[in-house]
Amino acid sequence: MIIAGNWKMFRGPDPHALVGLDAIVCPPYTRLRDCVEAGLTTYAQNVHWEPEGAYTGEISAPMLLELGVTGSLVGHSERRQYFGETDETVAGRTRAALEAGLNVIACVGETLEERERGETDDVLRRQLSVLEPHPNLVLAYEPVWAIGTGRTATPEMAQEAHELIKSLIDAPVLYGGSVKPDNAATLLAQPAVDGALVGGASLDVDSFTAICQAAARIPS
Ligand code: PEP
């Protein structure tokens, strides 16, 4: 089971309070060093597709590796929604990060409108069509309507989407979207759910710890 905490643009908890947890943390860039120094498995929230160049505001895979960061999220729906991230830029970031030796958690998922129009499968197929299997690639199914809304996919919805994703790319698939201590066990118990990408609940040490403990109780 893989549990990753996405702190988004929040300061997040004291990294030392998380030492010993079997989890990945994805803090903002300014806190990467603190997390690495505390000994946490630390991923960035994004990574550029070029190793260097005139790309103001971006950070490259070699820069992250130099800090001791071991992976990155790519294609989070907030990047797609607010920062013009496309399937092509997600593909470029993923490829560059994997080639440089980083692990990648690539996020996919449909909006509410797409689900209501019955387009979930098509959206997932399109988003995944630009990615290729790689030993260091993990996918995260994050239905956009469940992120930060308190609305979670049912375990059946998650299972169904994960099965489709796995049929398209052979990779572990995390579920993300309002995972909390009280729903983690049921979601994680689904056979095609290999872990969780946790936003809001990862900002609180107790709730993140409870989710990690729920994951540890799921038989492998
Ligand atoms: C996320 O940030 O990827 C996420 C799933 O957020 P939340 O758990 O708050 O819905």
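The structure under discussion appears in the preceding block.
Computed from a predicted structure; not experimentally measured.

What counts and how
- Residues numbered from 1 in each chain as written.
- Predicted model: local features only at pLDDT ≥ 70, side-chain atom pairs only at ≥ 80, totals over all residues.
- Heavy atoms only, no water.
- Buried < 20%, exposed > 50% of the residue type's maximum accessible area, 1.4 Å probe, protein only.
- Helix = DSSP H or I, 4+ residues; strand = E, 2+ residues; numbered from the N terminus.
- Arc of directions from axis to C-beta.
- Contact = heavy atoms within 4.5 Å.
- Phe/Tyr/Trp six-rings, centres within 6.5 Å; stacked < 30°, edge-to-face > 60°.
- Lys NZ or Arg CZ within 6 Å of the ring centre and 35° of its normal.

A. Region of interest: helix 8 (residues 181-188). Among all positions in helix 8, only N183, A184, L187 and L188 are buried. An end-on view of helix 8 places all buried positions within 125° of arc, on one side of the element. Along its buried surface, helix 8 packs onto strand 1 (2-6), helix 7 (155-168), strand 7 (173-176), strand 8 (195-198) and helix 9 (205-217).

B. Fine view of the environment of L112. Here L112 is to be found in helix 5 (residues 112-116). Classification of L112 as partly exposed rests on a relative accessible area of 24%. Residues contacting L112, with those up to four places away along its chain left out, are W145 and R151.

C. Fine view of the packing of aromatic side chains. Evaluated as defined, the whole model comprises two aromatic pairs. Geometrically, the ring pair formed by Y82 and F83 is edge-to-face, given 6.5 Å between the ring centres and 85° between the ring planes. The burial state of Y82 is the same as that of F83; both residues are exposed. Ring geometry for Y141 versus Y175: centroids 6.3 Å apart, planes at 55°, classification tilted. Taken together, the residues Y141 in strand 6 (residues 137-141) and Y175 in strand 7 connect sequence positions 34 residues apart. Assigned by exposure class, Y141 and Y175 land together as buried. Positioned over the ring face of F83 is R79, at 4.1 Å from the centre of the ring.

So, to be careful, I would describe these as geometric facts and stop short of saying anything about function.
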